[in-house]
Amino acid sequence: MTTTTVSALRTASDDYATVRTTIGAYRIDAPLVRVSGDERLSLLDQFLAKSGDFVEPDSVREVLALNADGTPFAILLHFEIGEDAWLLPRTRVSADELRGYLDGLDVPDGVEVDIEPEGWAATAFEGPTAWSVAARFVDFDISGLTLHAVTESALPDDPAALAHLARVGTTGEYGYLLISNAPEAAHRAVLAAVREEGGAPVGDEGLARVQAEAGMAVYAAGFAGLSVDEADLSWMIDWNRIGEFRGSDDLVRPTAETARLTALAAPADSRFTAGTQVTAAGREIGTVLWQAPSANPEEELVFALLDAPFWVSGLELAARDEQAAERPLRTVTLPRVIARSLTTRIA
């Protein structure tokens, strides 16, 4: 999922502050997939790691899809809207990769799969006052749109357009996503409302930093070749359905001995190269995989694969930065920052 291009005068720190304090808007260019037909959930159950048995109409959930060998393929949003299911990747995956992935499924009679249906796209906006923008697209009290709910929406400048507003986000702040068959009109309407409410369009780096602090660095960083357990994604698996969905036969249940993706705080302005060794009292115990963008001036946030038991919170570790200077690291819990939305009421 990537964002719209923003003014070159804005920095990642500006965008980070926007999402943390007001509202940041961004266009989503990940490929939408529409699945139609009465047996669509039977198709989805072939590859989604959680069953669709109890999915409610007009709702959205986040689900994991695996490759045939049990490694993570993509994290997807699954919407149930009217007579259709919609899928939208959270992690980076192309339309061609989706086609190749879905081509191997047994499609039930009467079910149709349309990748990148013509004219459809999505725009998102997130932040502690994002609800004030969402309120402009519905004709009821926006506080009634609960987390993971979807409702029909209207575009001010295109009343004939189809649009659906979902309350779902990526940052731990209030988040909303608008899917429409008039995507340019929808995006313009969102940007106009966001600016009127004191927000701004935001770019990839500032958004990625907030997502990482919320515990979802995987959106920007990808899976880095890790297993489900190593990537700390075991919570997205329905372990009672092993053997029922693609790749599940090769899953290994999580154990306390497995190396695991771990967040570490580092001093501000320190930079680490992927592949750098992390040490504990001089002993190598892990490898840096990714560093979040430097948008929060208080500290750097680094993600490393650490051996057990060094992924527990509060340990003092070290690694050499890009200048070969040894810098302190500390394992931390996520979310790293308390979202302002936790103390901001929806009016």
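Being a predicted model, the structure only gives us computed values, none of them experimental. (Residues numbered from 1 in each chain as written. Predicted model: local features only at pLDDT ≥ 70, side-chain atom pairs only at ≥ 80, totals over all residues. Heavy atoms only, no water.)

Caption draft 1: Geometry of the pairing of strand β9 (residues 163-166). Residues A163 and L165 of β9 are buried on one face, and the alternating residues H164 and A166, pointing to the opposite face, are buried as well. One ladder, built from three bridges, connects strand β8 (residues 150-152) with β9; its direction is antiparallel. The residue bridging T151 from the neighbouring strand is L165, located in β9. (Buried < 20%, exposed > 50% of the residue type's maximum accessible area, 1.4 Å probe, protein only. Helix = DSSP H or I, 4+ residues; strand = E, 2+ residues; numbered from the N terminus. Pairing = 2+ DSSP bridges.)

Caption draft 2: Molecular detail of the sheet that holds strand β17 (residues 326-331). Around the barrel, six strands lie side by side as β12-β15-β14-β13-β16-β17; this closed barrel has antiparallel pairing. Within the sheet, the average angular offset between the axes of one strand and its neighbour, ignoring direction, is 45°. Across five bridges, strand β14 (residues 283-291) lies against strand β15 (residues 300-306) in antiparallel orientation. Its bridge partner lying in β15, G286 is registered against L306. (Axes fitted to C-alpha atoms, helices over the stretch in contact; angles between N-to-C directions.)

Caption draft 3: Molecular detail of the sheet that holds strand β1 (residues 24-28). Within the open sheet, the six strands sit side by side as β8-β9-β10-β7-β1-β11. Their pairing is mixed. Each edge of the open sheet is held by one strand with a lone partner, namely β8 and β11 (200-201). Against the sheet, helix α5 (residues 183-196) touches β1, β7 (121-126), β10 (175-180) and β11, its axis set at about 170° to β1. (Contact = heavy atoms within 4.5 Å.)

Caption draft 4: Spatial organisation of the pattern of salt bridges. Scanning the model with the defined rule gives 17 salt bridges in all. Between E213 and R209 there is a salt bridge, and its shortest N-O distance comes to 3.0 Å. Placement of both E213 and R209 in helix α6 (residues 204-213) is noted, with a separation of four residues, approximately one turn of the helix. Taking relative accessible area as the criterion, E213 reaches 0% and is therefore assigned buried. Using a relative accessible area of 0% as the deciding quantity, one classes R209 as buried. Among the ionic contacts, a cluster of salt bridges with common partners joins R20, E173, R209 and E213. (Salt bridge = Lys/Arg side-chain N within 4 Å of Asp/Glu carboxyl O.)

Caption draft 5: How the structure looks around the packing of aromatic side chains. Under the criterion given, the structure shown has five aromatic pairs. Ring geometry for F73 versus Y101: centroids 4.0 Å apart, planes at 5°, classification stacked. Within this pair, whereas F73 is found in strand β4 (residues 72-81), its partner Y101 is found in helix α3 (residues 95-103), the two being separated by 28 residues in sequence. F73 gets classed as buried once you look at its relative accessible area, which sits at 14%. Ring geometry for W290 versus F303: centroids 5.9 Å apart, planes at 35°, classification tilted. Of this pair, W290 sits in strand β14 while F303 sits in strand β15, placing them 13 residues apart in sequence. For W290, a relative accessible area of 22% gives the class partly exposed. Of the residues examined, F303 reaches a relative accessible area of 6% and is grouped as buried. (Phe/Tyr/Trp six-rings, centres within 6.5 Å; stacked < 30°, edge-to-face > 60°.)

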